[in-house]
Amino acid sequence: MASELTKRTSPSEAARILVVDDEPRLVSALASLLSGCGYDVTEAYGGKQACELADTSHYDLALIDLRMPEVDGFAVMAHLENRQPECGVIVISGESSFTAVSRALRRGALDYIRKPYDPEELLAIVKGVVGKQTLLKAHEDVQGRLEKSEALHRYIVNSSPDIVFMLDAHGRFCFINSKIESLLGYKPAELCGKHFRHILDDRDVAKGTYALNAPDISADNPRTLEIRLKTRGSRRANRYFEVTAFPIAPQSWTYNSDTQGGGSGQKACYYGTARDVTERKEAEAFINFQAYHDLLTRLPNRALFKDRLELAITHARRAKQKLAVMFLDLDRFKVINDTLGHAMGDRLLQAVTQRLEGCLRKGDTLSRFGGDEFTLLLPSIHGKDDVSQIARKLIKTLKAPFQLGEHQVFIGVSIGIAVYPEAGNNMDQLIQNADIAMYHVKARGKDSYRFFSESMSIDSTHRLNLERDLRMALERGELRVFYQPQVCASTNRIVGLEALVRWQHPERGLLYPRDFLGLAEETKLIGQLSEQVLNQACQDVGPWIRSGHSDLRLAVNLSPIEVEHPRFVETLMERINANHFPPGNLEIEITENVIMNDLEQISQKLRELAAMHVRIAIDDFGTGYSSLNYIHRLPIHTLKVDQSFVKAIRNGADDACIVNAIVAMAHGLKLEIIAEGVETNKQLEYLRALGCHQVQGFFYGSAQSAADIDKLLIQTRLQNAVSG
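All of the points below concern the structure found in this document. This is a predicted model, so every value here is computed, not measured. Residue numbers run consecutively from 1 along every chain, following the written order of its sequence. pLDDT decides what is reported in this predicted model: residues at 70 or higher carry local features, side-chain atom pairs at 80 or more are listed and counted, and totals for whole chains, interfaces and linings draw on all residues regardless. Computation of side-chain values covers all heavy atoms of the structure but excludes hydrogens and water.

A look at helix α21 (residues 568-578)
Stated formally: Think of it in three bands: with a 1.4 Å probe and only protein chains considered, a residue is buried below 20% of the maximum accessible area for its type, exposed above 50%, and partly exposed in between. Comment: elements are numbered from the N terminus, with helices defined as DSSP H or I runs of at least four residues and strands as E runs of at least two. Working definition: the arc comes from the directions between the helix axis and the C-beta atoms, pointing outward to the latter. For this analysis, residues touch if any pair of their heavy atoms sits within 4.5 Å.
Where α21 is concerned, the buried positions are Phe 568, Val 569, Leu 572, Met 573, Arg 575 and Ile 576. One side of α21 holds all its buried residues, which, seen down the axis, span an arc of 155 degrees. Where the residues of α21 are buried, they touch α19 (526-546), α20 (560-564), β22 (586-591) and α23 (599-611). His 580 occupies a position one or two residues after α21 and carries a positive phi of about 55 degrees.

What about the packing of helix α13 (residues 333-340) against helix α14 (residues 342-357)?
Using the following cut-off: To obtain each axis, a line is fitted to C-alpha atoms, and for helices this fit is confined to the stretch in contact; angles are then taken between N-to-C directions over 0 to 180 degrees. Put simply, angles under 35 degrees are roughly parallel, angles over 145 are roughly antiparallel, angles from 65 to 115 are roughly perpendicular, and the rest are oblique. Residues are grouped as follows: Ala, Val, Leu, Ile, Met, Phe, Trp, Tyr, Cys and Pro are nonpolar; Asp, Glu, Lys and Arg are charged; all remaining types, including Gly, are polar.
At a minimum axis distance of 6 Å, the contact between α13 and α14 shows a crossing angle of 140 degrees. Taken together, the axis directions place α13 and α14 in an arrangement best described as oblique. Facing α13, whose interface residues are Phe 333, Ile 336, Asn 337 and Leu 340, α14 presents His 342, Met 344, Gly 345, Leu 348 and Leu 349. Looking at the contact of α13 with α14 residue by residue, the class counts come to six nonpolar, three polar and no charged.

Concerning the sheet that holds strand β3 (residues 61-64)
Test applied: Between any two strands, pairing holds if DSSP finds at least two bridges.
The sheet built from five strands is open, its strands ordered β2-β1-β3-β4-β5 with parallel pairing. The strands lining the two open edges of the sheet, one partner per strand, are β2 (40-45) and β5 (111-114). For this sheet the average axis-to-axis angle between neighbouring strands, irrespective of direction, equals 20 degrees. Pairing geometry for β3 and strand β4 (residues 88-93), over four bridges, is parallel.

With respect to the sheet that holds strand β17 (residues 449-451)
Pairing is mixed in the open sheet, where five strands are placed in the order β12-β13-β11-β16-β17. The open sheet terminates on both sides in strands that have one partner only, identified here as β12 (365-370) and β17. Across this sheet, the average inter-strand angle for adjacent strands is 20 degrees, counted without regard to direction. Bridging between β12 and strand β13 (residues 373-381) involves five bridges; their strand directions are antiparallel. Across the sheet, Leu 366 pairs through a bridge with Leu 376, a residue of β13. Running at roughly 165 degrees to strand β16 (residues 412-420), helix α15 (residues 384-399) makes contact with β11 (322-331), β13, β16 and β17 of the sheet.

Remarks on the pairing of strand β10 (residues 270-276)
Judged by how many residues are buried, β10 sits mostly within the fold: five of seven residues are covered. By the bridge criterion, five bridges tie strand β6 (residues 163-167) to β10 in an arrangement that is antiparallel. Pairing of Ile 163 across the sheet is with Ala 274, part of β10. By the bridge criterion, seven bridges tie strand β9 (residues 239-247) to β10 in an arrangement that is antiparallel.

Overview of the packing of α21 against α23
The test is simple: Note on convention: the crossing is left-handed when the near helix lies turned anticlockwise from the far helix by less than a right angle, right-handed when the turn is clockwise.
α23 packs onto α21 with a crossing angle of 25 degrees between their chain directions and a minimal axis gap of 10 Å. Relative to α23, α21 is oriented roughly parallel. Taken as a pair, α21 and α23 cross one another with a handedness that is right-handed. Along its contact with α21, which presents Phe 568, Val 569, Leu 572 and Met 573, the element α23 presents Lys 605, Glu 608 and Leu 609. Of the residues belonging to the contact of α21 with α23, the class tally is five nonpolar, no polar and two charged.

Side note on the environment of Arg 361
Mapping Arg 361 onto the fold places it in the loop between α14 and β12. Excluding residues within four positions of it along the chain, Arg 361 makes contact with Leu 378, Pro 379, Ser 380, Ile 381 and Ile 390.

Notes on unusual backbone geometry
Of note, the bond from Lys 115 into Pro 116 is cis; its omega dihedral lies within 30 degrees of zero at -5 degrees. Looking at the element boundaries, Pro 116 is found in the loop between β5 and α6 (119-139). Backbone torsion omega between Tyr 420 and Pro 421 reads 5 degrees, so that peptide bond is classified as cis. Among the structural elements, Pro 421 can be located in the loop between β16 and α16 (427-443). Positive phi is not limited to glycine here, since Arg 298 has a value of about 65 degrees.

Okay, structure coming up:
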């Protein structure tokens, strides 16, 4: 083929070709190939040199790479168009993106050759272009270039991964490629002649229509926007597309029967592409959802809640309205989570979420703040009555049992409430004060609600200081164990000792349990505190038992948090064994409420302890559920009559009817009974007459230190020896 071209082309008639690439090896190879065919070839190593050569020499054709440093191929094309517009351009590049090739076409490229190229194909294209260039120069006819542009366009369109379309002056499809069928389900022929609104999602019709009518849209400034396009039928959801469109001269392209896709025969006035970006949009939406939602419950998270609260405060301030923030903390969730496992805990949180959402008004925002804590924003309220009604509704809906697989569990909720603007005029204050109010609910028995008041803020400051001191007290060993004797009502002999904790505060003196036990439970320090108390009590009472008081009983109170813990039995026995304390001399005191909160689990634990000879006492009996059924079923040894009933013994049997009933019931069930708070001889005599086994209270003395109890036991032993 080279010999034929040489015969027909004399050196004086050879076309002058400029080869432009930033790779010297590629430039030399291409120049050698073209020179061998008789062309007059000039080599340009990069776009900058090409522009300099174009300023001083004339060329018939330029073969240009698009991707070059400093000055790229598009800049060279623009420079040639400005300095010698009659020079034809063929793009020869590894750049295959539709955007780059389409841009080259708009700049006037006559053809496009992908790297790596086939030499024979390249020479054929060059030969064709040079021939047409000669024809253009001879007849001054630009039709050849238009035809070549159409051929290049046809190549690009038919191999494009995107939807390519053209619209007439009225916005109707006059061409659309076959990609529309695989992406949206339409056949090109059925869309041609229809307005492009036909495939726009109803929500994006206005946006799409405005884009084509924008005054500044042009070939060099195309309009790009993201819109949703309808899929054919209802089986598939509408999809997101990135659409790029720009106007073209009507005479630059008309429908050709060789073009794949479809056509209406109308002249095109707009050219565009649509790229499917659904997966990217879905990924962005999921990432955004993750950033602002809790994935377990699908509720707004802390960040989104704060954003909405900020907006609600701004609106309330302008409209002079009130709003409320609720802080919700689930009661007993940790016990259920630790006992049944995290999977069940997650299911419980999801079930709680569903119930809470059923109580909301339109416009309310429920958020999972973290763990088992939720926050609730109530905008546009009239007053506290509105909030109280919702709070009661929330408490009621969570009281019903939850079924988790084979387990039926009960939880409650403590709710703190802060109302804007009384309880704070900014986001942080409202959340903090609602949290403070919630802790006051926890301290007063849980499963209720309270509104924040200024006095709580003072209490909160005091609470923080006390919490700090309590943590230090546990580290420094400031806790003390005192003992109150439990005395046989008939013989006045000491049969047991109840261990009572005191705190020797370095500044405030001796503090009683009412001053710090509630705080210890709230801050989860109760376990560490109880461990220290039990260890000390075992170390004190153990030697007394071994020195002659073999039947002496040690009674210890245990908090609900300890008893409900899944490892309660193991932990308790580990402490007893570590201190070499005989289990048969230990009596644990728990309240009725602890048992009834989870009868199945607590019953099993108590049976395990009873099997190891640990005694069980029900403290404050008569103030809780008082179910004869559970008393009969459980391994209970002792009932402790609450001191409030003992105080009722004043002027006769009528005031002590509850005590009479409890003692009679204990006898019937063959249980021991201890009356607390005995302060007078009259109370003691009355209880003796009823047959009450044991008593304790100020009548026999207040709680005493270990040293004082040691003296008392020695004195008692001497008295018994003398009387014996």
